[in-house]
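Here's the letter readout for the chains.
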Amino acid sequence: MGQSPLRLVCSRTEQCKGCYEEVLECGHRVTTFQDFVWDEKSHLVNLPMTAKRRRCHKCRDAAAIPIPRKPVQSVPRDFERKIA
């Protein structure tokens, strides 16, 4: 299986603190959470949302490419098996 295709983020709205709903260029919606770090005084520091592209899991099935299989080996009509 391949990975989901990357899609451009068209818009981002904050649902609650640290939780965003993003609309991708394909029209699907993805819920994401803001990254954070702890500072030296054990305070939560939210990092800015910088992602310009996200993976769209709903588009994965549409973009799936079938795995090519080896062709069936042809055997000539006059082929005789060698019996040992």
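Refer to the preceding data block for the structure.
As the structure is a computational prediction, the values presented were derived from the model and not from experiment.

## Digging into the side chain of glutamine 34
Here comes step 1: Among the secondary structure elements, glutamine 34 is positioned in the loop between β3 (29-33) and β4 (36-38).
Here comes step 2: Within the structure, glutamine 34 has its side chain in polar contact with the backbone oxygen of leucine 47 (distance 2.7 Å).
Here comes step 3: With residues up to four places along the chain from it excluded, the contact list for glutamine 34 reads Gly18, Tyr20, Asn46, Leu47, Pro48 and Met49.

## Considering the pairing of strand β1 (residues 6-16)
Here comes step 1: The pairing of β1 with strand β6 (residues 53-55) spans three bridges and is antiparallel. If you follow arginine 7 over to β6, its bridge partner there is arginine 54.
Here comes step 2: Inspection of the sheet shows β1 paired to strand β2 (residues 19-24) by six bridges, in the antiparallel sense. Directly across from glutamate 14, in β2, lies its bridge partner tyrosine 20.
Here comes step 3: Counting the residues between successive antiparallel strands, the hairpin from β1 to β2 contains two residues, one of them, glycine 18, with a positive phi of roughly 85°.

## Quick notes on the packing of aromatic side chains
Here comes step 1: Summed over the entire model, instances satisfying the criterion amount to one aromatic pair.
Here comes step 2: Note on phenylalanine 36 and tryptophan 38: the rings are 5.9 Å apart at their centroids and 85° apart in plane angle, and the pair reads as edge-to-face.

## Quick word on the pattern of salt bridges
Here comes step 1: Summed over all chains, the structure comprises three salt bridges.
Here comes step 2: As a salt-bridge pair, glutamate 22 and arginine 12 come within 2.7 Å of each other at their nearest N and O atoms. Of this pair, glutamate 22 sits in strand β2 while arginine 12 sits in strand β1, and the two are ten residues apart along the sequence.
Here comes step 3: Of the residues examined, glutamate 22 reaches a relative accessible area of 0% and is grouped as buried.
Here comes step 4: A single network of salt bridges, built from pairs that share partners, joins Arg12, Glu22 and Arg54.

## Quick notes on unusual backbone geometry
Here comes step 1: One non-glycine residue with positive phi stands out, namely serine 42, at about 60°.
Here comes step 2: Structurally, serine 42 is set in the loop between β4 and β5 (44-46).

## Examining the environment of lysine 52
Here comes step 1: If you trace the backbone, lysine 52 turns up in the loop between β5 and β6.
Here comes step 2: Between the C-alpha atoms of lysine 52 and valine 9, which are 43 residues apart in sequence, the distance is 5.6 Å.
Here comes step 3: If we skip the residues at most four places from it in the chain, lysine 52 touches Arg7, Leu8 and Val9.

Conventions used here
Position numbers for residues count from 1 along each chain, tracking the sequence in the order it is written. For this predicted model, a pLDDT threshold of at least 70 governs which residues receive local features, and a threshold of 80 or more governs which side-chain atom pairs are given and counted, while totals over whole chains, interfaces and linings are taken from all residues. By convention in this description, side-chain values take in all heavy atoms of the structure and omit both hydrogens and water. A run of H or I in DSSP counts as a helix once it spans at least four residues, and a run of E counts as a strand once it spans at least two, with each numbered from the N terminus. Distance and chemistry together define a polar contact, namely a pair of N or O atoms within 3.5 Å, with one atom able to donate a hydrogen and the other to accept it when in protein, and with adjacent residues in sequence counting only for side-chain atoms on both sides. The contact definition used throughout considers only heavy atoms, calling two residues in contact when any of these lie within 4.5 Å. A pair of strands is considered paired only if DSSP assigns at least 2 bridges between the two. Pairing of aromatic rings covers Phe, Tyr and the six-membered ring of Trp, with a centre-to-centre limit of 6.5 Å; geometry is then stacked below 30 degrees between planes, edge-to-face above 60, and tilted otherwise. By definition, a salt bridge exists where a carboxyl oxygen of Asp or Glu is found within 4 Å of a side-chain nitrogen of Lys or Arg. Each residue is placed in one exposure class: buried if its accessible area under a 1.4 Å probe, protein chains only, is under 20% of its type's maximum, exposed if it is over 50%, and partly exposed if it falls in between.

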